[in-house]
Amino acid sequence: MIRKKGIKFKGFVFAMILGLTASISPVSAASSEEISNEENIALLQQLGYDFSEVRTLANSEDLKYAQLGYSKQELADITDVEKNHLDGIEGQLIAVDTKYTQINPDGTQFEITEEEYKNKQQMVQTSLCNVNTGCSDVEDTPNWMRLTTTVSAVSNTSPKEYLIRHSFQWLKKPTDTFKDAIGTGHHVNLTSVQDSEILTYNYDQEYSKNPIIGLGPWENQGTKTVYYWTADRKGSGMGFEVQLIGDSFNNSGQYKRSNHRGSLSYRVIKNNSSATAADVSGHYLHLTTQINGTLGIDIRGTGNFSISVTNKYTPAIQTGVSFSF
């Protein structure tokens, strides 16, 4: 685990599986019907769980984290630090949105489908990786990113709380590993719960004593995690500046860092007693030039997330969810 300075480092069959009996808010802000168990399972499937895995989840503590918006992969990454942060928090998943972006070397970007993303994922695994050199994925070719935003209704809270999560994953390691901005914009009817935020940034690390750059043999050193406990911008959303950690070398050897991914989360309450719905947008801004100092994150509600620096950056396709109180 890495510590940064100043930072602490699944109808009746469905009902039998999940045991979900509580009435919660609908996924769509336009609907007044209670969310059904089938809908809840559909949302879990959007996070990467198939039906058989929902059965498994129902018999393990992992269901808690899935209902709080953790994807199948994120469950594999979850640490004791994150579990402690969520101690005493239970809930049910009520909204999910995932977007896939292709980012070109010239900074242009466009949205692609989930199927296209999975095809690119297979291509990367088969064409760029081998047992001798590992994954050489820093060529000046397009990269791809997945963003997912979720909302969960938190149980037994007064006033009623909602957990917002927003996660990112690079398909290849970014060619530029500078400081990026990740965050959300939320509706004016929402207020964040003080000090509820956390951001985790993960990457997989390999080490080689070989002095020739790029050559092994490579030792797998597992997943490294960096924790951020205080957002750089709060108010009408939540924004973090995240320093990507690239490959490096020194006199003792070289390090390769791949599979860059992470997530932020925080809780909100509604601040308007007459409000019936709200929405949340998810954002990621990738810098392609280095900057000294802060990025100057500016958030002005749903869909409005920017940085003040003039350096070149590429925004991923934003996500968006809506839900009813």
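Just so it is clear, the structure is predicted and the values come from calculations on it, not from any experiment.

**Student:** Outline the overall build of the chain, listing residues and values.
**Tutor:** Looking only at helices and strands, one finds seven helices and 19 strands in the chain. For the chain, buried positions account for 50% of its 325 residues. In the form shown here, the chain has an accessible surface area of approximately 15200 Å², with 47% of it arising from carbon and sulfur atoms.

**Student:** Lay out the nonpolar core with the relevant residues and their values.
**Tutor:** Ranked by size, the top nonpolar core spans 32 residues in total, and within it V151, I182, L199, Y201, F240, Y284 and F323 carry the most contacts. What I182 contacts, discounting residues up to four positions off in sequence, is H166, F168, L199, M238, G239, F240, V242, L264, H283, Y284 and F305. In this structure, L43, Y49, Y70 and V154 belong to the second largest nonpolar core, which totals 20 residues.

**Student:** I'd like to hear about the packing of aromatic side chains, residue by residue, with values.
**Tutor:** Centre-to-centre distance and the angle between the planes together describe a pair of aromatic rings. What the rule picks out here adds up to 10 aromatic pairs. Geometrically, the ring pair formed by F168 and Y284 is tilted, given 5.0 Å between the ring centres and 55° between the ring planes. You can see F168 sitting in strand β6 (residues 161–170) and its partner Y284 sitting in strand β15 (residues 277–287), a full 116 residues away along the chain. By relative accessible area, F168 is classed as buried at 3%. When its relative accessible area of 2% is taken as the criterion, Y284 is described as buried.

**Student:** An account of the confidence of the model for the chain is requested, with residue identities and associated values reported.
**Tutor:** Per-residue confidence for the chain gives a mean pLDDT of 86; residues scoring 70 or more make up 85%. Segment residues 1–35: pLDDT under 50, and 97 contacts once partners within four positions in sequence are set aside and those in other chains are kept.

**Student:** A description of the pattern of salt bridges should follow, citing residues and the corresponding values.
**Tutor:** With the rule as written, the count across this model stands at 13 salt bridges. For E74, the salt bridge identified is with R165, shortest N-O distance 3.1 Å. Taken as a pair, E74 in helix α5 (residues 72–77) and R165 in strand β6 lie far apart in primary sequence, 91 residues in all. Both residues of the pair, E74 and R165, count as buried. Residue E161 pairs with R267 through a salt bridge whose shortest N-O separation is 2.7 Å. Placement of E161 in strand β6 and of R267 in strand β14 (residues 253–270) is noted, with a sequence separation of 106 residues between them.

**Student:** Got a sec to walk through unusual backbone geometry? Specific residues and values, please.
**Tutor:** Along the chain, S158 connects to P159 via a cis peptide bond; the corresponding omega equals 0°. Locating P159 in the fold gives a position in the loop between β5 (143–154) and β6. A cis amide bond, omega 10°, links G216 with the succeeding residue P217. Along the chain, P217 turns up in the loop between β9 (198–208) and β10 (219–228).

**Student:** Can you break down the environment of I245 residue by residue, with the values?
**Tutor:** Take I245: it is sitting in the loop between β12 (237–243) and β13 (248–250). In this view, I245 contacts T177, Y201, Y203, V226, R257 and H260; residues no more than four positions away in its chain are not counted.

**Student:** Which residues make up helix α2 (residues 37–46), and what values do they have?
**Tutor:** Given 3.6 residues to a turn, an α-helix orients residues that are three or four positions apart in the same direction. Every buried residue of α2 is listed here: N37, N40, I41, L43 and L44. Mapping the buried residues of α2 onto a view down its axis gives an arc of 155°, with all of them on the same face. Among the residues trailing α2, G48 stands out with phi positive, at a value near 105°.

**Student:** How would you sum up the side chain of T319? Please name residues and give values.
**Tutor:** Position of T319 among the secondary structure elements: in strand β19 (residues 319–324). A distance of 2.5 Å separates polar atoms of two side chains, one belonging to T319 and the other to T149. Look past the residues within four positions of T319 in its chain and what remains in contact with it is D97, T98, K99, L147, T148, T149, H166, V280, S281 and G282.

**Student:** Talk me through the environment of S263; I want residue IDs and the actual numbers.
**Tutor:** Along the chain, S263 turns up in strand β14. For S263, a relative accessible area of 6% puts it in the buried group. Considered as a pair, S263 and S167 are 96 residues apart in the sequence and their alpha carbons are 3.9 Å apart. In contact with S263, not counting residues within four places along its chain, are E74, R165, H166, S167, F168, I198, L199 and T200. For S263, the side chain forms a polar contact with the side chain of R165, separated by 2.8 Å.

Rules used throughout
- Each chain has its residues counted from 1, running along the sequence as written.
- This being a predicted model, a pLDDT of at least 70 is required before a residue's local features are given, and a value of 80 or more before pairs of side-chain atoms are given or counted; all residues contribute to the totals for chains, interfaces and linings.
- Side-chain numbers here rest on the full set of heavy atoms in the structure, without hydrogens or water.
- Here a helix means four or more residues in a row that DSSP labels H or I, a strand means two or more in a row labelled E, and each is numbered from the N terminus.
- Three labels apply to residues, based on accessible area from a 1.4 Å probe with only protein chains included: buried if under 20% of the type maximum, exposed if over 50%, partly exposed otherwise in between.
- Working definition of accessibility: Shrake-Rupley area with a 1.4 Å probe, residue cover restricted to the visible protein chains.
- Here, nonpolar core means buried Ala, Val, Leu, Ile, Met, Phe, Trp, Tyr and Cys residues that are tied together by side-chain atoms lying within 4.5 Å of each other.
- Residues count as neighbours in contact if any of their non-hydrogen atoms are within 4.5 Å of one another.
- Stacked, edge-to-face and tilted are the three classes for Phe, Tyr and Trp ring pairs, Trp counted by its six-membered ring, which pair at centre distances within 6.5 Å; planes under 30 degrees apart are stacked, over 60 edge-to-face, the rest tilted.
- Scored between 0 and 100, pLDDT is the confidence that the predictor attaches to each residue.
- Salt bridge, as applied in this entry: a Lys or Arg side-chain nitrogen positioned within 4 Å of an Asp or Glu carboxyl oxygen.
- This arc corresponds to the set of directions leading from the helix axis out to the C-beta atoms.
- Here a polar contact is taken to be a pair of N or O atoms separated by no more than 3.5 Å, where protein atoms must pair a possible hydrogen donor with a possible acceptor and residues adjacent in sequence count only if both atoms sit in side chains.

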